[in-house]
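# Chains, contacts and geometry: an overview
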Amino acid sequence: MYKYFVPALAFIFLYSGLPHKELRFIIYTIPLLNYCLAAVFSTIWMRRHENLKWKLGCYAMILSLLTNFLLTCGLTYVSSHNYPGGDALTQLHEIEDPSSLVKVHMDVTSCQTGVSRFLEANPSWVYDKTENLTNQELIDEFTHLIILKDDFNRPRNFLLRESFKVIAEARGIDALKDIFPVRISPTNSAILVVKRKFI
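Residues numbered from 1 in each chain as written. Predicted model: local features only at pLDDT ≥ 70, side-chain atom pairs only at ≥ 80, totals over all residues. Heavy atoms only, no water.

This part covers helix H5 (residues 84–95). Residues three or four positions apart in an α-helix share a direction because the helix packs 3.6 residues into each turn. Taking 1.5 Å of rise per residue, the 12 residues of H5 would be expected to cover 16 Å, and the 16 Å separating its terminal C-alpha atoms lies within 8% of that figure. Regarding H5, the residues found buried are Pro 84, Gly 85, Gly 86, Ala 88, Leu 89 and Leu 92. Residues of H5 that are buried in the fold lie against strand S1 (103–106), helix H6 (108–112), strand S2 (126–128), strand S3 (144–148), strand S4 (164–170) and strand S5 (191–196). (Helix = DSSP H or I, 4+ residues; strand = E, 2+ residues; numbered from the N terminus. Expected span 1.5 Å × (residues − 1). Buried < 20%, exposed > 50% of the residue type's maximum accessible area, 1.4 Å probe, protein only. Contact = heavy atoms within 4.5 Å.)

As structure tokens, this is what we get:
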């Protein structure tokens, strides 16, 4: 077991020295670490009848597996809310008639939270990701906006609120406030789908 555990741990330790860290750099060690843990659990399970120490180890092992399962379910639910931009674009496709003329602008935040070319499902619609457009340009050139709720509600975006109405909202991590009353972040992660009032 040590011949698998030590290299995996050394690999993680060496990569920890990099200034830019991502899980994808060390994900290759997870099967090795799982194998080592399975070997330990197997030993504990096989020796559980020998004495109290092994029996308590067996209970701890079962408890750790149940805890892991519950954490996996909880974190999977949390991560399902990580992409409100993609959810907003999907909602737009569900709301609007596919044959209608749609020119949609997607802001930086929505593009960073799930909007991708794969979601641009209607070839007759115009999808735009141009940055640093003025409010007047957004009003003149687009029928719909996918925009961060906090940005839409800023005082300087008064013209946008006068010209567009909210037709959908992808709440993102803020949806967790229904379960946990604590605010996860000081900013609002909700992405709005807004439609120009007069087309």
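By the definition in use, this model includes four aromatic pairs. Centroid distance Phe 11 to Tyr 15: 4.7 Å. Interplanar angle 45°. Geometry classified as tilted. Taken together, the residues Phe 11 and Tyr 15, both in helix H1 (residues 2–15) and four residues apart, mark about one turn of the helix. A relative accessible area of 33% means that Tyr 15 is categorised as partly exposed. Both rings, one in Tyr 15 and one in Phe 25, keep their centres 6.1 Å apart while their planes meet at 35°; by these two values the pair is tilted. On the criterion of sequence distance, the pair formed by Tyr 15 in helix H1 and Phe 25 in helix H2 (residues 23–26) is long-range, its members being 10 residues apart. With relative accessibility at 22%, the residue Phe 25 sits in the partly exposed group. (Phe/Tyr/Trp six-rings, centres within 6.5 Å; stacked < 30°, edge-to-face > 60°.)

All right, on to the pairing of S3 then. Of all five residues making up S3, five are buried, and the element is well covered by its neighbours. Relative to S3, S1 runs parallel, the two being bridged by three bridges. Considered in S3, the bridge of Met 106 is made with Ile 146. Of the strand pairs in this sheet, S3 and S5 are connected by five bridges, and their pairing is antiparallel. Looking at S5, one finds that Leu 148 is bridged to Ile 191. (Pairing = 2+ DSSP bridges.)

Let us now look at the packing of helix H3 (residues 30–46) against helix H4 (residues 52–79). One can describe the packing of H3 onto H4 by two numbers: an axis separation of 8 Å at closest approach and a directional angle of 135°. On the basis of the axis angle, H3 is oblique to H4. Relative to H4, the crossing made by H3 is left-handed. The residues of H4 that touch H3, namely those facing Phe 41, Thr 43, Ile 44 and Trp 45, are Trp 54, Gly 57, Cys 58, Met 61, Ile 62, Ser 64 and Leu 65. The residue inventory of the contact of H3 with H4, partitioned by class, reads eight nonpolar, three polar and no charged. (Axes fitted to C-alpha atoms, helices over the stretch in contact; angles between N-to-C directions. Parallel < 35°, antiparallel > 145°, perpendicular 65-115°, else oblique. Left-handed = near helix turned anticlockwise from the far one by under 90°. Nonpolar A, V, L, I, M, F, W, Y, C, P; charged D, E, K, R; others polar.)

Another point: the nonpolar core. Leu 89, Leu 92, Val 104, Met 106 and Ile 146 are the most contacted members of the largest nonpolar core, which has 15 residues in total. Secondary structure elements with two or more residues in this core: H5, S1, S3, S4 and S5. With three residues, H5 is the single largest residue contributor to this core. Ranked by size, the runner-up nonpolar core spans 10 residues in total, among them Ile 147, Phe 152, Leu 160 and Leu 192. (Core = buried A, V, L, I, M, F, W, Y, C linked by side-chain atoms within 4.5 Å.)

The subject of this paragraph is the sheet that holds S5. Spatial strand order, S2-S1-S3-S5-S4: five strands in an open sheet with mixed pairing. Looking at which strands have only one partner, the edges of the open sheet turn out to be S2 and S4. Within the sheet, the average angular offset between the axes of one strand and its neighbour, ignoring direction, is 20°. Here S1 runs beside S2; their pairing, made up of three bridges, is parallel. Bridging across to S2, Val 104 finds its partner in Tyr 127. Running over the sheet, H5 touches S1, S2, S3, S4 and S5 and is turned about 120° from S4.

Turning next to the pattern of salt bridges. Per the counting criterion, the structure on display carries seven salt bridges. In this structure, Glu 50 and Arg 47 form a salt bridge, with 3.3 Å as the shortest nitrogen-oxygen distance. Residue classification places Arg 47 among the partly exposed positions, given a relative accessible area of 33%. For the salt bridge of Glu 120 with Lys 129, the shortest nitrogen-to-oxygen distance reads 3.8 Å. Its relative accessible area of 18% is what places Glu 120 among the buried residues. Through salt bridges with shared partners, a single ionic network connects Arg 117, Glu 120 and Lys 129. (Salt bridge = Lys/Arg side-chain N within 4 Å of Asp/Glu carboxyl O.)

None of this, on its own, says anything about what the molecule does.
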